[in-house]
Amino acid sequence: MPQPRASEAAALHRVARRRDRNETQRTARVDVRYSTEEKADIVAKARSLNIAAAHYVGAVVMAHLDGDLALPGQRTPLDDYVDELTTLRGEVAKIGHNINQIARKLNSGDLPHSDDTATLAQAERTFAESTAGLIRYLYGPGRANEHSDPHLVTSWDGYAPDPGRADDITAARKQLVDDLDLRVKQADRLGRAPKQHVWHCSLRAAPGDRLLDDGEWADIARRVVTATGIAPADDPDGCRWIAVRHAPDHIHIAATKVRGDLRSARHWNDYLTADRELAAIEKEYGLQRVIRGDRTAAKRPHRAEQEKALRNGQAKAARERLRTVVRTAAAAATETDEFLGLLTHTEGVLVEVLHFPSGKPRGYKIALENDRNAKAEPVWFSGSTLAPDLSLPKIQSRLAAAEVPASAAEERLRPHPWHQATAATERIPHHLDQPNAEAAQAHLAAFGEALDAVALTAPPDIRTELRSAASAFERATRSRVRAEHHHARALRGAVKAMLREPAPKDGAALAMFLDAALLAVIAAARWHDRREHEQQVAAAHKSLLHLQAAYDHTAATPLLVLGQRRPSQNLADQYVRLIRQTAPAYADQILADSASQALTTALAEAEAAGHDPKRLLQQAAEERALDDARSPARTITWRVHRLSQRPAPSRRALAAQARSTGLRHVPSPEPAATAPPTIPASRPRRR
């Protein structure tokens, strides 16, 4: 049996009043039939109200006709209001649940999803306008009854009512809302209350962290409201705020943004100031350090973009695929027109170039041919929306800082482009150890282009790993340090020349470059770590895994071939003694490595080409530190192999070099009339 509506019961308890006299008497009758039980109920109810049964029945009928009473099952405007409030309460619970999940994700070290921004914005709009709605959520059961023992851990003065510990939760909750909104109401009477007067912050410990007690959470909450300007320390007019704990691993801070002097709180950039304070809190409390960004990361695809890619059978969203296309074209091009031409001729890609009135290009838009919106129009992306460094002006600045040979004759005089790129990559750790941060950032950006270029020309069996390495390292190519790209002119020029010269089919040149790239990535991670660029450090480590896999696959065959050409035992023993003399710190590790056979072969072939093996080995060992090399034997092998590709210096060249530099000569280990001339102890590299 349906229950009577609240309005029906209220109508029956109204104070009886005399009806206005009508001009005409009521003489018409309406006969109504009831069952015996129904009549008994009507009479009993009328007696309880001290009125006649006929008066009771007539009053109910006339109340309905006047609109003061609704029949059971009939909807009224009040029903609509109740339904709307019920829906809003459910939405508030969902938003709160989403906020908790976002906080858990961020505090676990994961990167935020792009849709998290929209969720937080929705939460901010909903909670910011209703103190009561936020308090109701904080002390409610949660969306899936995940809230346990909600209670206050601290407040603005330490005396705020705690609904979680009160006998009458509803009354205490109302009192808490009234206390928080006191200044808001005062400011509202003066027309100075902000429309969105509620400030809300959720703080969560990472999975695996120890459980903090209420006292520790209270201290953290006070530090956060102080840092953000909500309630500065020693400010009696600070905003009113509370910290509620309804789960073991997190708290919520709620505040009203009207100060005691009825001015609005000054809390601009509160996210950044709170984040800086939380970084100090993590360190002091021994909590897991969250990976923080510096606002230089490329935009991640929205959830709709990702789902659209999955529907189309693509592993990556259009934004990510286009970013790879643009980065590869920028790495290969030598001028703006060539860059735009490469994009235009890329299969499956649409390009629209924007021009100044003078006709010069000022920007570009790019889209995939099969990526359409609801109106069947291409979904365009500008370069800056793909990544901060892919706008046309940024790309032009890098193209202008590339060392490009002036003629084919000059190109023939240079070493092999792959050897140039390898030599420039080997110098990156040295550049990163220098105090010039702008130059170091430039070398990282150029090295990112080198990885893009290598992925473009690599054999199919390792192309996926190299593309993954380049994609991961892309995040490490940018930071708040502004790159001065002219410092990396040699590396960028070598990369562009490398794309125009296919790598030797034996895989040695590629393995040589990847070996140098591994040390460069390790140095990049260390450089970013010193500057607390946490996202860049994580990106470098991720790239290192992919590079290592590609290198192991690439280097196996060339090293095996070199080892099979091992020289005679007597000559090999001579090189072993040479290794112990020139690299005593790494000798045992080198000789215990299976790649030592390839090293002795490289030394024998270098000596046969006219090089001094001792000087060559010494130069390879001292050229760059081997502390970061996973296999010093492999690294020295590739260095000796690359250095031996250069023509052996003539006697006249060595004599002139000795006179100009004043460096002493190093005697040959086995002087003989036919022995090649010795090389100075510090021969400058040819650039």
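Residues numbered from 1 in each chain as written. Predicted model: local features only at pLDDT ≥ 70, side-chain atom pairs only at ≥ 80, totals over all residues. Heavy atoms only, no water.

Of regular secondary structure, the protein possesses 28 helices and seven strands. The buried share of the protein, taken over its 687 residues, is 45%. Of the contacts made within the protein by residues no fewer than 6 positions apart, 70% connect residues no fewer than 24 positions apart. Accessible surface computed for the protein: about 36,900 Å², of which carbon and sulfur atoms make up 52%. (Helix = DSSP H or I, 4+ residues; strand = E, 2+ residues; numbered from the N terminus. Buried < 20%, exposed > 50% of the residue type's maximum accessible area, 1.4 Å probe, protein only. Contact = heavy atoms within 4.5 Å. Areas by Shrake-Rupley, 256 points an atom, 1.4 Å probe, with all protein chains shown as cover.)

Pairing is antiparallel in the open sheet, where three strands are placed in the order S5-S6-S7. The sheet is open, and its two edges are formed by strand S5 (349–355) and strand S7 (381–382), each paired on a single side. In this sheet, S7 lies alongside strand S6 (residues 361–368) in antiparallel orientation, the contact comprising two bridges. Bridging across to S7, Lys-365 finds its partner in Ser-382. Strand contacts of helix H11 (residues 318–332): S5, S6 and S7, with the helix running at about 130° to S6, the strand carrying the most contacts. (Pairing = 2+ DSSP bridges. Axes fitted to C-alpha atoms, helices over the stretch in contact; angles between N-to-C directions.)

Residues Val-30, Val-32 and Tyr-34 make up a contiguous nonpolar surface patch of roughly 320 Å² in combined accessible area. Relative accessible area serves as the criterion here: at 73%, Val-30 is assigned to the exposed category. (Patch = residues over 30% accessible without salt bridge, like charges linked within 9 Å, V, L, I, M, F, W, Y side chains within 5 Å. Salt bridge = Lys/Arg side-chain N within 4 Å of Asp/Glu carboxyl O.)

This part takes up the nonpolar core. Judged by nonpolar contacts, the single largest core of 55 residues is most densely connected at Phe-447, Leu-466 and Leu-547. At the level of elements, helix H16 (417–426), helix H17 (428–432), helix H18 (437–457), helix H19 (460–473), helix H20 (489–499), helix H21 (508–530) and helix H22 (534–564) are the ones that each hand at least two residues to this core. For this core, the leading source of residues is H21, giving 15 residues. Residues contacting Leu-547, with those up to four places away along its chain left out, are Leu-451, Leu-466, Ala-469, Leu-514, Ala-517, Leu-518 and Val-521. The next biggest cluster of nonpolar side chains, apart from the first, holds 25 residues, and it includes Cys-201, Leu-212, Ala-221 and Ile-281. (Core = buried A, V, L, I, M, F, W, Y, C linked by side-chain atoms within 4.5 Å.)

What the rule picks out here adds up to 31 salt bridges. The salt bridge involving Arg-259 is made with Asp-235; its shortest N-O contact spans 2.7 Å. In this pair, Arg-259 sits in the loop between strand S4 (250–256) and helix H9 (270–285) while Asp-235 sits in the loop between helix H8 (214–228) and strand S3 (241–247), placing the two residues 24 residues apart along the sequence. Arg-630 is the salt-bridge partner of Asp-552, the closest N and O atoms lying 2.8 Å from each other. Pair noted here: Asp-552 is in helix H22 and Arg-630 is in the loop between helix H26 (613–623) and helix H27 (632–644), with a separation of 78 residues, a long-range link.

A few words now on the sheet that holds S4. What the four strands build is an open sheet, ordered S1-S3-S4-S2; its pairing is antiparallel. Of all strands in the sheet, those bounded by a partner on one side alone are strand S1 (151–155) and strand S2 (198–204). Going across the sheet, the axis of each strand differs from the next one's by a mean of 25°, ignoring polarity. In this structure, S1 lies alongside S3, joined through four bridges in antiparallel fashion. Bridging across to S3, Leu-152 finds its partner in Val-244. Relative to the sheet, H8 contacts S1, S2, S3 and S4, its axis offset from that of S2 by approximately 135°.

This part takes up H21. The end-to-end C-alpha separation of H21 is 34 Å, in line with the 33 Å expected for 23 residues at 1.5 Å each. Of all 23 residues making up H21, 19 are buried, and the element is well covered by its neighbours. Of the residues one or two after H21, Glu-532 is the one with positive phi, at around 60°. (Expected span 1.5 Å × (residues − 1).)

Another point: the packing of H18 against H19. Here H18 crosses H19 at 160°, and the two axes come no closer than 8 Å. The angle between the axes of H18 and H19 places the two elements in the roughly antiparallel class. Of the two elements, H18 crosses H19, and the hand of that crossing is left-handed. Note on element contacts: H19 touches H18 through Arg-463, Leu-466, Arg-467, Ala-469, Ala-470 and Phe-473, opposite Leu-444, Phe-447, Gly-448, Leu-451, Asp-452, Val-454, Ala-455 and Leu-456. Taken together, the residues of the contact of H18 with H19 sort by class into ten nonpolar, one polar and three charged. (Parallel < 35°, antiparallel > 145°, perpendicular 65-115°, else oblique. Left-handed = near helix turned anticlockwise from the far one by under 90°. Nonpolar A, V, L, I, M, F, W, Y, C, P; charged D, E, K, R; others polar.)

Moving on, we get to the side chain of Thr-154. Within the secondary structure, Thr-154 sits in strand S1. Ignoring anything within four residues of it in the chain, the contact list for Thr-154 reads Ala-218, Ala-221, Arg-222, Trp-241, Ile-242 and Ala-243.

Another aspect to go through is the environment of Ala-608. Within the fold, Ala-608 resides in helix H25 (residues 596–608). Among the residues examined, Ala-608 registers a relative accessible area of 70% and is labelled exposed. The spacing of Ala-608 and Ser-644 is 36 residues in sequence and 9.8 Å in space, taken between C-alpha atoms.

Below, the discussion takes up the side chain of Gln-536. As for its placement among the helices and strands, Gln-536 is situated in helix H22. Given the relative accessible area of 1%, Gln-536 is considered buried.

Turning next to the environment of His-431. Tracing the chain through its elements places His-431 in helix H17. Residue class for His-431 comes out partly exposed when judged on its relative accessible area of 25%. Taking C-alpha positions, His-431 is 7.7 Å from His-443, a pair spaced twelve residues apart along the chain. Residues contacting His-431, with those up to four places away along its chain left out, are Ala-440 and His-443.

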